[in-house]
Structure formats: C-alpha cells, structure tokens
Amino acid sequence: MALERTLILIKPDAMQRGLAGEILARFERRGLRMVGLRLLKVDRDMARQHYGEHEGKPFFNGLVKYITSSPIIAGVLEGTNAVAAARQIMGATRPTEAAPGTIRADFGLEVGRNLVHGSDSTASARREIAIFFAGERLPTWKRDVDPWVFE
Ligand code: DAT
Ligand code: MG
C-alpha cells in the first residue's frame, strides 16, 4: 500500500460533451485527492512528448490531432495506489472491453474517443506530471488527522 500520484487527462471528447465534472467526481468520491488541476490546450510538441511511446504506430497522428483539438483538463491525483486506482476507475483502453461502471464503458464506444488518460505506472506518472505541471510546486495533503469514525 503505497501513497502515489498519478496524472489524469480529461480529453477533448469528454470536455466537449460536458462530462468533466462527472469524471472528476468519480475519481474524487473514490478517495483520490486533487493536488494539481489545470485547463489547457495541448500543442503538438506537448502531445508528441506525452504520447512519445506511441510514435510510429498507425493511430499516432490521429491521437495527436485529437488531443490537440480542444482544451482539456490535466490533473494530479494522490492516494493509496493512485496509479492502479485511477486506471480501474477509467476502465480498459477500448471502451467495448471496459467493465460496466468504468468511465470508458459508461460514456464511450470508440478507442480513439475514450474520454480519459491515466498514467500506467509510477514512472510514467513522474514523467507525465513533469510535462503538464513543469515548474509548479504541487501541494500535499496533511494525513496526520484521523478520519471520522462511526461507532
Ligand atoms: P491507455 O490510454 O489506456 O493507457 P494506450 O497508452 O495504449 O492506452 O494508448 C493511448 C491512447 O491511444 C488510448 O487511450 C487511445 C489511443 N489508442 C490506443 N490504441 C489505439 C488503436 N488501436 N486505435 C486508435 N487509437 C488507439
Ligand atoms: Mg497509456
């Protein structure tokens, strides 16, 4: 059980469909805490850097065009096993293979319009947070306060 940070993106299709609040709420109510949040338009250089591992694949150019097509929200979420927890909430890459109850299954059908990004490892999270929050000092949450207990 490790305290981790992960990068999420609310991608252009989710923004255009007015689903940003719904998507953020799903991460938030699971217990992941926001430590960074910004609205931005990704340019080609940033897109190529973020999706560098996919360069050369047949869908790469379409992916860059899509992610640069409208403003997105980038967020850093913190929590126990945050990387895996966020991926679980998102669902599988292909919406038709994602489990019901996940964001990608509940709101999408097309792999090229799958609404959200989430880092796939802590190493990816570090790399991606550095791209989207370069030079920003992200706050942290105090954890020395007991949660309420229902007796
Ligand atoms: P994930 O976003 O689940 O980490 P990935 O890193 O393999 O998935 O791919 C990055 C994004 O690229 C993915 O969210 C959607 C797009 N993509 C992946 N495979 C694709 C394909 N076969 N055709 C079209 N787009 C694809
Ligand atoms: Mg990925």
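Residues numbered from 1 in each chain as written. Chains lettered and ligands numbered in written order. Predicted model: local features only at pLDDT ≥ 70, side-chain atom pairs only at ≥ 80, totals over all residues. Heavy atoms only, no water.

Draft legend 1. Main features of the packing of aromatic side chains. In the structure shown here, the tally under the stated rule is zero aromatic pairs. A cation over an aromatic ring shows up here: Arg33 above the ring of Trp141, its NZ or CZ 5.0 Å from the ring centre. (Phe/Tyr/Trp six-rings, centres within 6.5 Å; stacked < 30°, edge-to-face > 60°. Lys NZ or Arg CZ within 6 Å of the ring centre and 35° of its normal.)

Draft legend 2. Local environment of the site of ligand 1. The local shell around ligand 1 consists of Lys11, Tyr51, His54, Phe59, Leu63, Arg87, Thr93, Arg94, Arg104, Val111 and Asn114. The contact in question runs from an oxygen atom of ligand 1 to an N or O atom on the side chain of Thr93, over 2.5 Å. Take Arg104: an N or O atom from its side chain is 3.0 Å from an oxygen atom of ligand 1. Across the complex, the protein chains shield 78% of the 520 Å² of accessible surface that ligand 1 would expose by itself. Taking a 2 Å distance to the grid points as the criterion, the majority of the atoms of ligand 1 fall inside the largest pocket. (Near = heavy atom within 4 Å. Polar contact = N/O pair within 3.5 Å; in protein donor to acceptor, adjacent residues only side chain to side chain. Areas by Shrake-Rupley, 256 points an atom, 1.4 Å probe, with all protein chains shown as cover. 1 Å grid on protein atoms, 1.4 Å probe; cavity = no way out; pocket = protein on both sides within 12 Å on 5 of 7 lines; lining within 4 Å. Sits in = over half its atoms within 2 Å of the grid points.)

Draft legend 3. Quick peek at the pattern of salt bridges. A complete count under the given rule lists four salt bridges for this structure. A salt bridge links Glu78 to Arg5, with the nearest nitrogen and oxygen atoms 2.9 Å apart. On the criterion of sequence distance, the pair formed by Glu78 in strand β3 (residues 72–80) and Arg5 in strand β1 (residues 3–10) is long-range, its members being 73 residues apart. Residue class for Arg5 comes out partly exposed when judged on its relative accessible area of 26%. Among the salt bridges present, the one from Arg48 reaches Glu55, with a minimum N-O distance of 2.8 Å. Overall, the relative accessible area of 28% leaves Arg48 in the partly exposed class. Look at Glu55 and you get partly exposed, because its relative accessible area is 44%. A single network of salt bridges, built from pairs that share partners, joins Glu22, Arg26 and Asp106. (Salt bridge = Lys/Arg side-chain N within 4 Å of Asp/Glu carboxyl O. Helix = DSSP H or I, 4+ residues; strand = E, 2+ residues; numbered from the N terminus. Buried < 20%, exposed > 50% of the residue type's maximum accessible area, 1.4 Å probe, protein only.)

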